[in-house]
Amino acid sequence: KAGVTQTPRYLIKTRGQQVTLSCSPISGHRSVSWYQQTPGQGLQFLFEYFSETQRNKGNFPGRFSGRQFSNSRSEMNVSTLELGDSALYLCASSWGTGRGGELFFGEGSRLTVL
Amino acid sequence: AQRVTQPEKLLSVFKGAPVELKCNYSYSGSPELFWYVQYSRQRLQLLLRHISRESIKGFTADLNKGETSFHLKKPFAQEEDSAMYYCALSPSQAGTALIFGKGTTLSVSS
C-alpha cells in the first residue's frame, strides 16, 4: 500500500510569508503527527491529530498550526515565517493514537525561508 | 525534564565488529522506548521497540531502568547497517508523540 505522502517536497519562502504543508496518511491510519527536523535541534514534535482533533501539541509558538480532515489528511500552517523556520517538516501516520504505536514517516517537506 | 541523549554523533566500525549505539533517557514515569533508523535515501522507519523484546536485523536493545539506558547492539556489523539511528521516548499521556535523540550515524566499512 502507498506510504505517507507529503506535498510539496521543496519550497522557498521569504520572511513574513505563510506556508501550508500537506500530508496524506497511509490508508486506514487515523492519526497524523508532525515533526520539525533541523541540524541544531534534531527532530521535534509539533502536534498530533486524531479523528480531526488535536490530541497533543509540542512546544512551538502559535504561528504553527494544523488541522485534520475527515479523510485523515492533514495540513500544517506556519504564519509569519522566520529564518529559523527553515527545516525539514516530517509527517507521520499511525493506525491509532495509543502510546507505543509504530509511526510511518513521509519523505518530508523541505522549507527554506529567505 | 524529558530528554533522550545519544552521546555519539558518529560511530565508525569495521564489518564483522560488534556495534553498540548508546541511548540514555531522562523520564520520571514508565518509559516506552524505540529505535528508528534512516538508511540513505529512505524514510525514517521503526527498527525496534522495547515492549516487543524482539531482534530485528540482528539488532537488540535492552531497557535498563537503573542506568536509564536503551543501548542498541549487534554482535557483527554489516555494511548495510550503515545509517542514521535515532533513539526515541514515548511519554505517557502523549499519544504517539515521541521525544527523539539527536541521532548517531553508524558507518560500517569493509
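Reading the values: the criteria
Residues numbered from 1 in each chain as written. Chains lettered and ligands numbered in written order. Predicted model: local features only at pLDDT ≥ 70, side-chain atom pairs only at ≥ 80, totals over all residues. Heavy atoms only, no water. Helix = DSSP H or I, 4+ residues; strand = E, 2+ residues; numbered from the N terminus. Buried < 20%, exposed > 50% of the residue type's maximum accessible area, 1.4 Å probe, protein only. Polar contact = N/O pair within 3.5 Å; in protein donor to acceptor, adjacent residues only side chain to side chain. Contact = heavy atoms within 4.5 Å. Buried area = accessible area lost by both parts, 1.4 Å probe. Salt bridge = Lys/Arg side-chain N within 4 Å of Asp/Glu carboxyl O. Nonpolar A, V, L, I, M, F, W, Y, C, P; charged D, E, K, R; others polar. Pairing = 2+ DSSP bridges. Axes fitted to C-alpha atoms, helices over the stretch in contact; angles between N-to-C directions. Core = buried A, V, L, I, M, F, W, Y, C linked by side-chain atoms within 4.5 Å.

Residue and element names in this part refer to chain A. Secondary-structure assignment places Gln 68 in strand 7 (residues 64–68). The buried category is assigned to Gln 68, whose relative accessible area is 6%. Separated by 3.3 Å, the side chain of Gln 68 and the backbone nitrogen of Phe 50 make a polar contact. Reaching out from Gln 68, the side chain makes a polar contact with the backbone nitrogen of Glu 52 at a distance of 2.9 Å.

Contact with chain B, which involves 22 residues of that partner, is made by 25 residues of chain A. Where chain B abuts chain A, roughly 1900 Å² becomes buried across the two surfaces, and 49% of that area is made up of carbon and sulfur atoms. Counting every contact that joins chain B to chain A gives one salt bridge. Arg43(B) is the salt-bridge partner of Glu107(A), the closest N and O atoms lying 3.8 Å from each other. Those elements giving two or more residues to the side of chain B that touches chain A turn out to be strand 5 (32–38), strand 6 (45–49) and strand 9 (83–90) of chain B. Here the residues of the side of chain B that touches chain A sort into 12 nonpolar, six polar and four charged.

Moving on to the sheet that holds strand 3 (residues 19–24) of chain A. All names here are of chain A. With antiparallel pairing, four strands are arranged side by side in an open sheet as 1-3-8-7. One side of each edge strand has no neighbouring strand; the edge strands of this open sheet are strand 1 (5–7) and strand 7. The sheet shows a mean angle of 20° between the axes of neighbouring strands, direction not considered. For strand 3 and strand 8 (residues 74–78), the ladder comprises five bridges, and the chain directions are antiparallel. Directly across from Val 19, in strand 8, lies its bridge partner Val 78.

A few words on the nonpolar core. Residues and elements named next belong to chain B. Ranked by size, the top nonpolar core spans 25 residues in total, and within it Trp 35, Leu 47, Leu 48, Phe 70, Leu 72 and Tyr 85 carry the most contacts. Of all elements in the fold, only strand 2 (10–14), strand 3 (19–21), strand 5, strand 6, strand 9 and strand 11 (104–109) reach the threshold of two or more residues within this core. The greatest single-element share of this core, amounting to four residues, is contributed by strand 9.

Residues and elements named next belong to chain B. In this fold, Val 37 is placed in strand 5. With a relative accessible area of 1%, Val 37 lands in the buried category. As for Val 37 and Ser 55, which are separated by 18 residues in sequence, their C-alpha atoms are 14 Å apart. Not counting the four nearest positions on each side in its chain, Val 37 is found in contact with Arg 43, Leu 44, Gln 45, Leu 47, Ala 83, Met 84 and Tyr 85.

We now examine the pairing of strand 5 of chain B. Residue and element names in this part refer to chain B. Of all seven residues in strand 5, six are buried; the element is thus mostly enclosed. Inspection of the sheet shows strand 5 paired to strand 9 by seven bridges, in the antiparallel sense. Counterpart to Tyr 36 in the pairing with strand 9 is Tyr 86. Judged from the four bridges that link them, strand 5 and strand 6 form a sheet pairing that is antiparallel. For Trp 35, the partnering residue across the bridge sits in strand 6 and is Leu 48. Here strand 5 folds back onto strand 6 in antiparallel fashion, the turn holding six residues, of which Arg 41 has a positive phi close to 65°.

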